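A closer look at the structure
Listed here are the chains, written in short residue letters.
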Amino acid sequence: MARKFFVGGNFKMNGSISSIKEIVNNLNKADLDPNTEVVISPPALYLLLVREHLRPEIEVAAQNVFDKPNGAYTGEISVSQLQDSNITWTILGHSERRTILNESDELVASKTKVATEAGVGVIWCCGESLEQREAGKTIEVVSKQLEALKAQISDWSKVVIAYEPIWAIGTGKVATTEQAQEVHKAIRDWLKGVSDKVAEETRILYGGSVNEKNCGELSKQPDIDGFLVGGASLKPAFVDIINAKKQ
Ligand SMILES: *[C@@H]1O[C@H](CO)[C@@H](O)[C@H](O)[C@H]1NC(C)=O
Ligand SMILES: *[C@@H]1O[C@H](CO)[C@@H](O)[C@H](O)[C@H]1NC(C)=O
């Protein structure tokens, strides 16, 4: 089974009602590669607005979700609330949440378990810092993050992995195509330890300063199955990244 190319747009904590409506209108009008699955992720406050106006074949992701059912958890959003709002995906474990909000590998795995068991797709992020890369620990760091996930989930069919080298996020620095493919292949090899089927079927996205210029080359790599796009997802060029396979 061929892995369907997947492009996610992570708006992070950006946008306003008017700018987000403009992005949605652009996507609604755009000629998008029908072979690419597209998911956009606005801040929580705008999820319903986006879902209401966006063309139905594009799905919407939260940027986070909690691992407990509805209850006394001020400031959090539950999986069932996402489902009630037709929000079918969530990003989890983004490096900004791991580093700024100190989310542990275990918490990220627990959230992933709760979301996927309920049928919500998870764009699960991993990646190393510059210090870790320079110490030659990239594969070790990513494997440890994956191990924490494996300890809690058994169904990988709702998980898309996003490899995001932290040193390449929002810095304009991009891993070379070879650096990206090398880590993606290592992740795929690690997944073989779960099962050959999971290794074969799980999409592995690259994230980290992907733009309309470098996406074509990256998309040709055998283990790069799409992108998680940050800043560029707020711009019209996001359409070119969605259509990377056609370049
Ligand atoms: C969710 O989708 C269903 C089916 O298309 C629709 O009836 C419902 O109104 C939607 N809910 C929201 C909050 O958009
Ligand atoms: C995260 O951990 C760092 C270092 O231990 C600490 O300085 C910071 O206040 C923590 N942040 C939060 C949001 O807990």
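Scroll up to find the structure.
So, here's what we can say about the structure. (Residues numbered from 1 in each chain as written. Chains lettered and ligands numbered in written order. Predicted model: local features only at pLDDT ≥ 70, side-chain atom pairs only at ≥ 80, totals over all residues. Heavy atoms only, no water.)

We now examine the nonpolar core. In this structure, Leu 27, Trp 124, Ile 161, Ile 187, Leu 191, Tyr 206 and Phe 227 are the most contacted members of the largest nonpolar core, which totals 63 residues. For this core, the leading source of residues is helix H8 (residues 177-192), giving five residues. When residues no more than four places from it in sequence are discounted, the contact partners of Ile 187 are Cys 126, Val 142, Leu 146, Ile 161, Tyr 163 and Ile 204. Core analysis: the next-biggest nonpolar cluster, separate from the first, contains eleven residues, Val 39, Ala 61, Trp 89 and Ile 91 among them. (Core = buried A, V, L, I, M, F, W, Y, C linked by side-chain atoms within 4.5 Å. Buried < 20%, exposed > 50% of the residue type's maximum accessible area, 1.4 Å probe, protein only. Helix = DSSP H or I, 4+ residues; strand = E, 2+ residues; numbered from the N terminus. Contact = heavy atoms within 4.5 Å.)

What follows concerns the pairing of strand E7 (residues 204-207). Covered by surrounding structure in E7 are Ile 204 and Tyr 206 together with Leu 205 and Gly 207, the residues of both alternating faces. The pairing of strand E6 (residues 159-163) with E7 spans three bridges and is parallel. Each bridged residue has a counterpart across the sheet, and for Tyr 163 the counterpart in E7 is Tyr 206. (Pairing = 2+ DSSP bridges.)

Where helix H5 (residues 105-117) meets helix H7 (residues 138-150), the axes come as close as 8 Å, and the angle between the chain directions of the two elements is 45°. If you check the angle between H5 and H7, you find them oblique. Note that H5 runs across H7; the crossing there is right-handed. Of the residues in H7, those touching H5 at Asp 105, Glu 106, Ala 109 and Thr 112 are Lys 144, Gln 145, Ala 148 and Leu 149. Considered class by class, the residues forming the contact of H5 with H7 number three nonpolar, two polar and three charged. (Axes fitted to C-alpha atoms, helices over the stretch in contact; angles between N-to-C directions. Parallel < 35°, antiparallel > 145°, perpendicular 65-115°, else oblique. Left-handed = near helix turned anticlockwise from the far one by under 90°. Nonpolar A, V, L, I, M, F, W, Y, C, P; charged D, E, K, R; others polar.)

Looking at the element boundaries, Ser 233 is found in the loop between strand E8 (226-229) and helix H11 (238-242). In this structure the side chain of Ser 233 is engaged in a polar contact, spanning 2.7 Å, whose partner is the backbone oxygen of Gly 230. Apart from the residues within four sequence positions on either side, Ser 233 is in contact with Gly 9, Asn 10, Phe 11, Ile 23 and Phe 238. (Polar contact = N/O pair within 3.5 Å; in protein donor to acceptor, adjacent residues only side chain to side chain.)

For H7, built from 13 residues, the straight-helix expectation of 18 Å at 1.5 Å per residue is met to within 8% by its first-to-last C-alpha distance of 18 Å. By the burial criterion, the buried members of H7 are Thr 138, Val 141, Val 142, Ser 143, Gln 145, Leu 146, Ala 148 and Leu 149. Where H7 is buried, its residues meet helix H4 (95-100), H5, strand E5 (121-126), helix H6 (130-134), E6 and H8. (Expected span 1.5 Å × (residues − 1).)

Right, let's talk about the sheet that holds E5 for a bit. Ordered by their spatial adjacency, eight strands build a closed barrel running E1-E2-E3-E4-E5-E6-E7-E8, and the pairing between neighbours is parallel. Each neighbouring strand pair of the sheet contributes to a mean axis angle of 25°, computed without reference to strand direction. Bridging between E5 and E6 involves five bridges; their strand directions are parallel. Counted as the bridge partner of Trp 124 is Ile 161 from E6.

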